[in-house]
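Listed here are the chains, written in short residue letters.
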Amino acid sequence: MERKDFIKTILGGIAMTSLQPLYSWSKDLKVQETKLPALFVGHGSPMNAIEDNEFSQTWSKFGREIPKPKAVLVISAHWLTNGTFVTAMEQPRTIHDFGGFPQELFDVQYPAKGSPELATETAKLITSTNVGLDHEWGLDHGTWSIVKHMYPDANIPITKN
């Protein structure tokens, strides 16, 4: 079974089609303010960052279908640290943390602003461990390869942990 078919099977097709079932479900919730959905989105091959395929088209569709967020908090396994950190710089750099791919992929830049305020708030909310504020790492391909399709204008602040 191909990966995309497996994902469709496990998630009932929601991940590869539309967020409409999530919206329908959320309408029944008694919420005082608009809350955006939490999405689990795996980037797959780094090449998805520069290819026009079902994955990149779906990420673009998500960006059009969900309300525009004030900021995005990305939880990514692409940052190996001794401890727990969240990026807290005003302008995170685009990190190309891979090898053996075409130059076109290394040329990608995603100049989204960071959100020191969101980083600070995130660190305060997590009480099970100490969370440090990082001013060096940036946005790795586990982050920018997806959000560049969702928000191609890089006009949404991105914070990563």
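Located above this text is the structure these notes cover.
Anyway, here's the lowdown on the structure attached to this text. On a predicted model such as this, the values are computed, not experimentally measured, just so you know.

1. Some details on unusual backbone geometry
Here is step 1: Here the phi dihedral of Ala 154 falls at roughly 50°; this positive angle occurs in a residue that is not glycine.
Here is step 2: Counting through the fold element by element, Ala 154 comes out in the loop between helix 6 (141–150) and strand 4 (158–160).
Here is step 3: With relative accessibility at 12%, the residue Ala 154 sits in the buried group.

2. So, the side chain of Ser 76
Here is step 1: With respect to the secondary-structure elements, Ser 76 resides in the loop between strand 1 (72–74) and strand 2 (84–87).
Here is step 2: Assessed through its relative accessible area of 13%, Ser 76 is described here as buried.
Here is step 3: Those residues in contact with Ser 76, other than ones at most four positions away along the chain, are Asp 140, Gly 142, Thr 143, Lys 160 and Asn 161.

3. Points about the packing of helix 3 (residues 54–65) against helix 6
Here is step 1: At a minimum axis separation of 7 Å, helix 3 and helix 6 run at an interaxial angle of 60°. The pairing of helix 3 with helix 6 is recorded here as oblique in orientation. Like other packed secondary-structure pairs, helix 3 and helix 6 cross with a definite hand, here right-handed. Of helix 6, the residues touching helix 3 (which contributes Ser 56, Trp 59, Ser 60, Phe 62 and Gly 63) are Ser 145, Ile 146, His 149 and Met 150.
Here is step 2: The class makeup of the residues in the contact of helix 3 with helix 6 is 4 nonpolar, 5 polar and no charged.

4. Quick word on helix 5 (residues 116–125)
Here is step 1: Residues of helix 5 that are buried include every one of Pro 116, Ala 119, Thr 122 and Ala 123, and no others. End-on view of helix 5: buried residues confined to an arc of 125°, all on one side of the axis. Turned more than 90 degrees off the buried face of helix 5, the exposed positions are Glu 117, Lys 124 and Leu 125.
Here is step 2: Tucked inside the fold, the buried residues of helix 5 contact strand 1, strand 2, strand 3 (131–134) and strand 4.

What counts, and where the lines are drawn
- Residues numbered from 1 in each chain as written.
- Predicted model: local features only at pLDDT ≥ 70, side-chain atom pairs only at ≥ 80, totals over all residues.
- Heavy atoms only, no water.
- Helix = DSSP H or I, 4+ residues; strand = E, 2+ residues; numbered from the N terminus.
- Buried < 20%, exposed > 50% of the residue type's maximum accessible area, 1.4 Å probe, protein only.
- Contact = heavy atoms within 4.5 Å.
- Axes fitted to C-alpha atoms, helices over the stretch in contact; angles between N-to-C directions.
- Parallel < 35°, antiparallel > 145°, perpendicular 65-115°, else oblique.
- Left-handed = near helix turned anticlockwise from the far one by under 90°.
- Nonpolar A, V, L, I, M, F, W, Y, C, P; charged D, E, K, R; others polar.
- Arc of directions from axis to C-beta.

Worth remembering: the numbers are spatial, not functional.
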